[in-house]
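# Survey of secondary and tertiary structure
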Amino acid sequence: MNTNKRYSAWWLRMAALYLVTGVALGNYMGATHDFSLRSVHAHINLLGWASMLGFGLVVQHLADTLSARLVAVQFWLHQCALPVMLSALAALMRGNPAVEPLIGLGSATVGVAVLCFATNVWRGTGAKLRAA
Ligand code: HEM
Ligand code: HEM
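The notes below deal with the structure included here. (Residues numbered from 1 in each chain as written. Chains lettered and ligands numbered in written order. Predicted model: local features only at pLDDT ≥ 70, side-chain atom pairs only at ≥ 80, totals over all residues. Heavy atoms only, no water.)

## Description of the coordination of the iron atom of ligand 2
Within the protein, just one atom coordinates the iron atom of ligand 2: H43 (NE2), at a distance of 2.1 Å. Here H43 is to be found in helix α2 (residues 38-61). (Donors = N, O, S within 2.8 Å, 3.2 Å for Na, K, Ca; no water. Helix = DSSP H or I, 4+ residues; strand = E, 2+ residues; numbered from the N terminus.)

In structure tokens:
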């Protein structure tokens, strides 16, 4: 199987796991009326479920034109950094300000991963546009 298609399937699998986690946390917040982790819930759902769903579908759609190396680099940067960012954010919201540098590190790394994605999509669609 084309490695980009493999990564696409893994984006979709991870997206589904983040959806389950985000929805579970949303239900917990609703049931307990404890909204202190609202931002964690929002970003589990948005950087986890919604973004990963998007990455998975785009990588599947452009599997033949995207750089396999950039697809892999983006996947691993995002998958490693997001849990660090979100667990540190949860700790901050629970009153532990010492974790703030970890949120910064996680967020900046997710930012770099997103730049890899954007570069890859621009390059991949450029090749398609020239061929059209
Ligand atoms: C059964 C599923 C879900 C439940 C029970 C739930 C529950 C909640 C609750 C209780 C809040 C806090 C509201 C407040 O502080 O006033 C919240 C906020 C939020 N939720 Fe969910 N949620 C669910 C699914 C989702 C999904 C799937 C997404 C995104 C794809 C999402 C995105 C957000 C966002 C962005 C906020 C923050 C809104 C703001 O700051 O105004 N939620 N959710
Ligand atoms: C590394 C990437 C990101 C960083 C560092 C970041 C950072 C932030 C920060 C600092 C806030 C304010 C939180 C608060 O006031 O409690 C916020 C809120 C929000 N962000 Fe992000 N964000 C990122 C990615 C995204 C993405 C990709 C989406 C949508 C797809 C998104 C949607 C939202 C929404 C809806 C809110 C308001 C909900 C809330 O109260 O938490 N963010 N974000």
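## Observations regarding the packing of aromatic side chains
This model, assessed by the stated rule, comprises five aromatic pairs. Taking 5.2 Å as the distance between ring centres and 65° as the angle between the ring planes, the aromatic pair formed by Y7 and F75 counts as edge-to-face. On the criterion of sequence distance, the pair formed by Y7 in helix α1 (residues 3-32) and F75 in helix α3 (residues 68-93) is long-range, its members being 68 residues apart. Each member of the pair Y7 and F75 is classed as buried. Against the face of W10 rests R13, its NZ or CZ located 4.7 Å from the ring centre. (Phe/Tyr/Trp six-rings, centres within 6.5 Å; stacked < 30°, edge-to-face > 60°. Buried < 20%, exposed > 50% of the residue type's maximum accessible area, 1.4 Å probe, protein only. Lys NZ or Arg CZ within 6 Å of the ring centre and 35° of its normal.)

## Some remarks on the site of ligand 1
Looking at ligand 1, the residues that line it are V23, G26, N27, M29, G30, F35, R38, H41, A42, N45 and L46. In the environment of ligand 1, an oxygen atom lies 3.1 Å from a nitrogen or oxygen atom belonging to the side chain of R38. Contact distances for ligand 1 include 3.4 Å between a nitrogen atom and a side-chain N or O atom of N45. Tallied by class, residues from the shell around ligand 1 come to five nonpolar, five polar and one charged. (Near = heavy atom within 4 Å. Polar contact = N/O pair within 3.5 Å; in protein donor to acceptor, adjacent residues only side chain to side chain. Nonpolar A, V, L, I, M, F, W, Y, C, P; charged D, E, K, R; others polar.)

## Let's talk about helix α4 (residues 100-131)
Its 32 residues place the ends of α4 47 Å apart at the C-alpha level, agreeing with the 46 Å of an ideal helix rising 1.5 Å per residue. Turning to α4, its buried residues number three or more, namely I103, G106, V110, A113, C116, F117, N120, V121, G124 and G126. Against α2 and α3 lie the buried residues of α4. (Expected span 1.5 Å × (residues − 1). Contact = heavy atoms within 4.5 Å.)

## Quick notes on the pattern of salt bridges
The tally for this structure, following the rule as stated, stands at one salt bridge. Measuring nitrogen to oxygen at the nearest pair gives 3.2 Å for the salt bridge that ties D34 to R94. Here the residue D34 occupies a position in the loop between α1 and α2, and R94 occupies one in the loop between α3 and α4, the gap between them amounting to 60 residues. Residue classification places D34 among the partly exposed residues on the basis of a relative accessible area of 23%. (Salt bridge = Lys/Arg side-chain N within 4 Å of Asp/Glu carboxyl O.)

## Focus on the site of ligand 2
Around ligand 2 sit R38, S39, A42, H43, L46, L47, M85, S107 and V110, and that is every residue in its neighbourhood. Between an oxygen atom of ligand 2 and a side-chain N or O atom of R38, the distance comes to 3.0 Å. Between ligand 2 and the protein, one listed contact pairs an oxygen atom with a side-chain N or O atom of S39 at 2.8 Å. Secondary-structure elements contributing two or more residues to the shell around ligand 2 are α2 and α4.

## Focus: α2
Here α2 spans 33 Å end to end across 24 residues, near enough to the 34 Å set by a 1.5 Å rise per residue. Of all bends in α2, the biggest is about 30°, found at S51. Along α2, the residues that are buried comprise V40, H41, I44, N45, L47, G48, S51, M52, F55, G56 and V59. Elements in contact with the buried residues of α2: α1, α3 and α4. (Bend = angle between axes of the 7 residues up to and from the residue.)

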